[in-house]
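Next come the chains, spelled out residue by residue.
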Protein chains: 4
Amino acid sequence: MTLASPHLDILKEELCSLHAELIRWGLVAWTSGNVSARVPGADLMVIKPSGVSYEDLTPDSMIVTDLDGNVVDGTRSPSSDTSAHAYVYRHLPEVGGVVHTHSPYATAWAAVGEPIPCAITAMGDEFGDDIPVGPFARIGDHSIGEGIVATLKGHRSPAVLMRQHGVFTIGKDAKAAVKAAVMCEDVARTVHLARQLGPVARLGQTDIDKLYDRYQNVYGQHPDEHNGATA
Amino acid sequence: MTLASPHLDILKEELCSLHAELIRWGLVAWTSGNVSARVPGADLMVIKPSGVSYEDLTPDSMIVTDLDGNVVDGTRSPSSDTSAHAYVYRHLPEVGGVVHTHSPYATAWAAVGEPIPCAITAMGDEFGDDIPVGPFARIGDHSIGEGIVATLKGHRSPAVLMRQHGVFTIGKDAKAAVKAAVMCEDVARTVHLARQLGPVARLGQTDIDKLYDRYQNVYGQHPDEHNGATA
Amino acid sequence: MTLASPHLDILKEELCSLHAELIRWGLVAWTSGNVSARVPGADLMVIKPSGVSYEDLTPDSMIVTDLDGNVVDGTRSPSSDTSAHAYVYRHLPEVGGVVHTHSPYATAWAAVGEPIPCAITAMGDEFGDDIPVGPFARIGDHSIGEGIVATLKGHRSPAVLMRQHGVFTIGKDAKAAVKAAVMCEDVARTVHLARQLGPVARLGQTDIDKLYDRYQNVYGQHPDEHNGATA
Amino acid sequence: MTLASPHLDILKEELCSLHAELIRWGLVAWTSGNVSARVPGADLMVIKPSGVSYEDLTPDSMIVTDLDGNVVDGTRSPSSDTSAHAYVYRHLPEVGGVVHTHSPYATAWAAVGEPIPCAITAMGDEFGDDIPVGPFARIGDHSIGEGIVATLKGHRSPAVLMRQHGVFTIGKDAKAAVKAAVMCEDVARTVHLARQLGPVARLGQTDIDKLYDRYQNVYGQHPDEHNGATA
């Protein structure tokens, strides 16, 4: 695979349009969110350039790095969250996409360091459990990546609330990770609103298990199209 | 009636554009909502395909099933909520449209299992009562459909809050059911916001009765155009 | 003036585009809001037809009535709130426009029957006082109109929160009434959000008086352009 | 430099499109916000005309004033907040742009007179501290400008919550000030939502210092492109 391969071009285009989904679903303000994708069959990833506004993003402006975050292709600096994304790809080989946002309701839960209880069926479907809280970690070294991996490894949830920071989600590809980010904010909001009305009860564990199992194995058009909610 | 009839084509087009209303009014995230319509004069219904995003919906992608949820026409799987929709059509012959969403404010009420009190005139008009809570029911068999029908049969409200799940609405046709879903979220939000300010009082029963009677019988352009609110 | 006069055509066009502002600023769901305008120099008003969705409104679909609400021109029924609008025009000769919405935050205050305290300078500017609560009144006779007039006559505020119902605003013309509806929802939201944080203090009366006086007399481009906020 | 210089034309165009950002990010209702820019190399500023709606703004409608707020170029009155903007430019020579809004969550904090605690990493990055509260000051003389300058001079935060009024932000240019206004509302909302869930803890001072230092000095493409969040 060369860096000018058609395959990589398609990945850059996809990544560019997935950033527009972050705006569309209200997950980001100004430039505060990013999506990356593993390059299939290579120890490479594609990620948003740093500090560029979403409307100025083009497929060509996307940055290719190795899995240590070193730029391999691209004329700009990669997102300042690159080392966290890279850490995830190095340690979770099944992950093909990573998303980071400060979406407001999910970040509110992160700010108080409380997991979102699995209180509605949509959470059972998508997350199979409470959405967990990861450690506080300062940007700039591996500690964010470590916190994500330590929290999500072996966990059903594709989303982690990094304490007093924001959300990271993972998926088999970038689209699945974006979907997890959209659904995470959606349930974070619903359960937040419910809490204002009264006590929120977690679903029974058997119900959660059955919802999760059905959704991951039955739902959707094909095994590789697990990208809808309960529609 | 054949499955390629012009009548069915119009129904598919209508259903496709009604899904766009779910997005427009903020009722759904990603693919988490669906609309169906009974095919007039046949034991058939049309429904959204499963796990397909709203912008990819076309009239041709809509699925026709019988009232047991078996696919009669269409190349994809129908919505995973098909059996619930079908159950409603089998048991409530006057219903021509069904909508399911996880709209955030209404689902917050569902999460805590509390009916929305009929505290504002718009609720008297549209729902004629509190918006009731249905049982918790797991997807996959008839229990969701049973819960909807058991709650709404004989009730003025066209909307039910399925406990720890979301909203189902019914109507004489799909547009009326979509309108009920839009109004349900609207009043769920208003009454939620009111609750943050102080105690919310239900309207007097006589007022509710008179509001409901006038709205169902006088409002709008014609008896068959009961699709506005108090405008 | 004939009913086909160019003057009336312009008024209908203006009214049509002002209904789009209700959508744009999030004041209405489905068809639940309406705007009317007095026809200058005639005992007539123009108002939205009943139960018609906003995207289907055209200048030609607007209804002309006399100030008792009888249709003078138009093929549809006028808004079911026509008698309230007409009552206002009959009793407040300086009013040239009336708006009715169920905008969510303002209606939340109406639902608990609490005035919005004049706690921020934007309220001093626009409303010159708390936004008052009017009586509960059922649609169908003059009681809504009476409640609006009784509350707003001699009051600085162009907005009234009709108890357990919604908002009515007035203005020298329809645009001013729409602006008042937009600003009413804006301050209803801000003060609601403030209340979640802690006690909200009313501004001092001297400050309110000076803000109101300056805004009504100095602000804007010309005396007849009082249609901006503190921009 | 003449007032018809190409340089000034570009500044007016930029200012016009930055007002659209206020709408896009939900910071303003009707006409209630404004952006200004210092004219580089001159004792002049460009600002929004008073009471003009955002869709009617054109580069040509922008007003040029001296730093005492006297109109030098333009056919309309400048924003009623002109004296506050001018005061900031006179007393803070490093400031090239000023924004004023009544954005809802930030104004809610202003209404109760409480600083927004620096509880999430995005606040450490952008604001380097709590977002401070300035004094209550009535429009019409220098007191608003004085309050802004007294609060922000020597403070890391580019945003001040003027008590019971709204937000003013500053930046090296108008775009940076708009970014600060967008981020201020974003964190005001997140921390507000967090407060509904439970107690919100300020980040440790060392963490805040390191976040702020890295963001101001490392983040982004170039030293002069500090206009992204942690993307």
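Criteria and thresholds
- Residues numbered from 1 in each chain as written.
- Chains lettered and ligands numbered in written order.
- Predicted model: local features only at pLDDT ≥ 70, side-chain atom pairs only at ≥ 80, totals over all residues.
- Heavy atoms only, no water.
- Least-squares fit on C-alpha atoms with pLDDT ≥ 70 in both.
- Contact = heavy atoms within 4.5 Å.
- Helix = DSSP H or I, 4+ residues; strand = E, 2+ residues; numbered from the N terminus.
- Expected span 1.5 Å × (residues − 1).
- Pairing = 2+ DSSP bridges.
- Axes fitted to C-alpha atoms, helices over the stretch in contact; angles between N-to-C directions.
- UniProt positions renumbered as here; feature names shortened; annotations may be inferred.
- Buried area = accessible area lost by both parts, 1.4 Å probe.
- Salt bridge = Lys/Arg side-chain N within 4 Å of Asp/Glu carboxyl O.
- Polar contact = N/O pair within 3.5 Å; in protein donor to acceptor, adjacent residues only side chain to side chain.
- Nonpolar A, V, L, I, M, F, W, Y, C, P; charged D, E, K, R; others polar.
- Phe/Tyr/Trp six-rings, centres within 6.5 Å; stacked < 30°, edge-to-face > 60°.
- Buried < 20%, exposed > 50% of the residue type's maximum accessible area, 1.4 Å probe, protein only.
- Lys NZ or Arg CZ within 6 Å of the ring centre and 35° of its normal.

Draft legend 1. Seen up close, the relation of the copies chain B and chain A. For these two chains of identical sequence, chain B goes onto chain A by a turn of 90 degrees and a shift of 0.0 Å along the axis, with RMSD 0.0 Å. Expressed as a symmetry operation, the mapping of one chain copy onto the other fits a four-fold axis. Minimal C-alpha separation from the rotation axis in chain B is found for Gln196(B), amounting to 5.4 Å.

Draft legend 2. How the structure looks around the relation of the copies chain D and chain C. For the pair chain D and chain C, the best superposition has an RMSD of 0.0 Å and corresponds to a rotation of 90 degrees with a translation of 0.0 Å parallel to the axis. By residue overlap, the copies meet through two different surfaces: only 3% of the interface positions of chain D are interface positions in chain C.

Draft legend 3. Up close: helix α1 (residues 6-24) of chain D. Residue and element names in this part refer to chain D. Relative to the 27 Å expected for 19 residues at 1.5 Å per residue, α1 spans 27 Å between its end C-alpha atoms, a close match to the ideal helical length. On its buried face, α1 is in contact with β1 (33-39), β2 (44-47), β3 (63-66), β4 (71-73), β5 (97-101) and α6 (174-197). After α1 finishes, the residue Gly 26 shows a positive phi value of roughly 70 degrees.

Draft legend 4. Local environment of the sheet that holds strand β3 (residues 63-66) of chain A. Residues and elements named next belong to chain A. Ordered in space as β4-β3-β2-β1-β5-β8-β7-β6, the 8 strands form an open sheet in which the pairing is mixed. Unpaired on one side and paired on the other, β4 (71-73) and β6 (133-134) mark the two borders of the sheet. The sheet contacts of helix α5 (residues 143-152) involve β6, β7 (159-162) and β8 (166-171), and relative to β7 the element is tilted by about 130 degrees. Each of β1 (33-39), β5 (97-101), β7 and β8 touches helix α6 (residues 174-197); the most contacted strand, β8, lies at about 140 degrees to it.

Draft legend 5. Geometry of the UniProt feature "domain: Class II aldolase/adducin N-terminal" (unreviewed entry) in chain A. The feature "domain: Class II aldolase/adducin N-terminal" (unreviewed entry), as annotated in UniProt, sits at residues 13-192 of chain A in this numbering. From the first C-alpha to the last, residues 13-192 of chain A spans 35 Å; its make-up is 37% helix and 19% strand.

Draft legend 6. Region of interest: the interface of chain D and chain C. Tallying the contact residues gives 37 residues for chain D and 38 residues for chain C. When chain D packs against chain C, close to 3200 Å² is buried across both sides, 57% of that on carbon and sulfur atoms. Among the residues chain D hides against chain C, the three largest losses belong to Trp30(D), Arg138(D) and Gln164(D). Together they make up 26% of the total. Counting the contacts that link chain D with chain C gives 2 salt bridges. For Arg138(D), the salt bridge identified is with Asp207(C), shortest N-O distance 2.6 Å. At the junction of chain D with chain C, the criterion picks out 7 residue pairs in polar contact (both at pLDDT 80 or more). It is helix α3 (residues 104-112) of chain D that provides the largest number of residues to the side of chain D that touches chain C, a total of 7 residues. Taken together, the residues of the side of chain D that touches chain C sort by class into 14 nonpolar, 16 polar and 7 charged.

Draft legend 7. The arrangement of the packing of aromatic side chains in detail. Taken as a whole and judged by the stated rule, the model has 4 aromatic pairs over all chains. Judged by centre distance (6.4 Å) and plane angle (45 degrees), the ring pair of Trp25(B) and Trp30(C) falls under tilted. Remark: Trp30(C) occurs in the loop between α1 (6-24) and β1 (33-39) and Trp25(B) occurs in the loop between α1 (6-24) and β1 (33-39); the pair is interchain, linking two chains. On the basis of relative accessible area, Trp30(C) is assigned to the buried category, the value being 7%. The positively charged end of Lys48(B) is found above the aromatic ring belonging to Tyr54(B), 5.4 Å away from the centroid.

Draft legend 8. Representation of the sheet that holds strand β4 (residues 71-73) of chain B. Residues and elements named next belong to chain B. Strand order across the open sheet formed by 8 strands is β4-β3-β2-β1-β5-β8-β7-β6, with mixed pairing between neighbours. One side of each edge strand has no neighbouring strand; the edge strands of this open sheet are β4 and β6 (133-134). For β1 and strand β5 (residues 97-101), the ladder comprises 5 bridges, and the chain directions are antiparallel. Each residue of the ladder has a partner; that of Asn 34, found in β5, is His 100. Taken strand by strand, α1 contacts β1, β2 (44-47), β3 (63-66), β4 and β5, and its axis lies near 155 degrees from that of β1. Across the sheet, helix α3 (residues 104-112) lies against β5, β7 (159-162) and β8 (166-171), angled at about 55 degrees from β7, the strand it touches most.

Draft legend 9. Up close: the interface of chain B and chain A. The interface of chain B with chain A comprises 37 residues on the first partner and 38 residues on the second. Carbon and sulfur atoms supply 57% of the area that chain B and chain A bury against each other, a total of about 3200 Å² over both sides. The tally of links from chain B across to chain A stands at 2 salt bridges. Of the charged contacts in the structure, one is a salt bridge between Arg24(A) and Glu55(B), with a shortest N-O distance of 3.1 Å. Where chain B packs against chain A, one counts 7 residue pairs in polar contact (both at pLDDT 80 or more).

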